[in-house]
Amino acid sequence: MNISMSLNVANDRMPAADLIPRLAAAGFEALDFNFSDQWNRLPDRSARAVGAWLDALAQAAQAANLPWAQAHGPFFNLFDRTPQGQAQQDFCPAAIAACGRLGVPWMVLHPGSLDGPWDRAHRQAVLQGNVHFFRSLLPHCERAGVGLAVENIHATTPDCPRRFGSVPEDLLDLMDELAHPLVGLCWDTGHARIMKLDQRRAVASLGSHLKALHVQDNDGNGDDHLLPLACGKAGVNWADVVTGLREAGYGGAFAYEAHNAFHAVPDELLDDALRHSVRIAHTLLGRA
């Protein structure tokens, strides 16, 4: 597994193209293109400006000899019919095309969910809504050569103990329905910790569908996006995660989505913090 970092780790410090050589110097082996966070910070979204931005990222990655492992697409609930929610959904083809331009193999999206009784009829309706939406994106994926990795999510409040995609069974049913080589899964370790899942069993159950990974830690009470081991015994069981990845035959990136661990780090210590995160990954993967 290549050790990867999301480019959102320094969104408000420097242009992403300037971060890439520093990630290479710290020992990272691949890149995670966080399209959504970076897009929201672009001052000019004209086609020409976006093309220049993507070209700068591509050139920086090539110069640093870092491949693109995965990306994160727009954030939305596909059942949200508000203008803002619809606008984010409509933006997916452009995000897929941007990933294709860079050579990103997998773009992560969240499944959609609806509150309800979670009886058989409700779950089937939510499943089919997800099938319809992701299937509608496949022509764009085929043109760009980019796969969609659907991410496990978590319940938001004690009053909402279940959302579609918060357990592996939901994701595997979606894979069975779509049955397309450009659709896979992303596993978020922090989301699974909030759901108190047995991560070895859950990750292993995804098998060859697993194409992307979000590595982050929390104590089970919030989606904190911290580095592994930050929460001690209350956090993610990393031995279980790594064993599950190996049992699944996962060959993608060990990709950090741990931006909140870096936001308070002073600029003069950022490179040290990045190197420290690489050492953590080496330790967890038995490469120390």
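Just so you know, these numbers come straight off a predicted model, no measurement behind them.

(A) Representation of the sheet that holds strand 7 (residues 210-214) within the structure. The eight strands lie next to each other as 7-6-5-4-3-2-1-8, forming an open sheet whose pairing is parallel. Each edge of the open sheet carries a strand with a single partner, namely strand 7 and strand 8 (254-256). Taking each pair of neighbouring strands and ignoring which way they run, the sheet shows an average axis angle of 30°. Where strand 5 (residues 147-151) and strand 6 (residues 183-188) come together, four bridges link them in parallel fashion. The residue bridging Ala149 from the neighbouring strand is Gly184, located in strand 6. Along the sheet, helix 6 (residues 120-144) makes contact with strand 4 (106-109), strand 5 and strand 6, crossing strand 5 at roughly 150°.

(B) Region of the structure containing the pattern of salt bridges. Summed over all chains, the structure comprises 10 salt bridges. Each of Arg123, Arg162, Asp170 and Asp173 takes part in one network of salt bridges that share partners.

(C) Unusual backbone geometry, seen in detail. Positive phi outside glycine occurs at Trp118, with the angle close to 55°. Counting through the fold element by element, Trp118 comes out in the loop between strand 4 and helix 6. With a phi angle near 60°, Lys196 is a residue other than glycine that sits in the positive phi range.

(D) A look at the pairing of strand 5. Here strand 5 lies mainly inside the structure; five of its five residues are buried. On strand 5, burial covers both faces: Gly147, Ala149 and Glu151 on one face and Leu148 and Val150 on the other are all buried. Pairing geometry for strand 4 and strand 5, over four bridges, is parallel. By the bridge assignment, Leu109 is partnered in strand 5 with Val150. As for the winding sense of the linkage, the β-α-β connection from strand 4 through helix 6 to strand 5 is right-handed.

Conventions adopted
Residues numbered from 1 in each chain as written. Predicted model: local features only at pLDDT ≥ 70, side-chain atom pairs only at ≥ 80, totals over all residues. Heavy atoms only, no water. Pairing = 2+ DSSP bridges. Helix = DSSP H or I, 4+ residues; strand = E, 2+ residues; numbered from the N terminus. Axes fitted to C-alpha atoms, helices over the stretch in contact; angles between N-to-C directions. Contact = heavy atoms within 4.5 Å. Salt bridge = Lys/Arg side-chain N within 4 Å of Asp/Glu carboxyl O. Buried < 20%, exposed > 50% of the residue type's maximum accessible area, 1.4 Å probe, protein only. Right-handed = clockwise from strand over helix to strand, strands pointing away.

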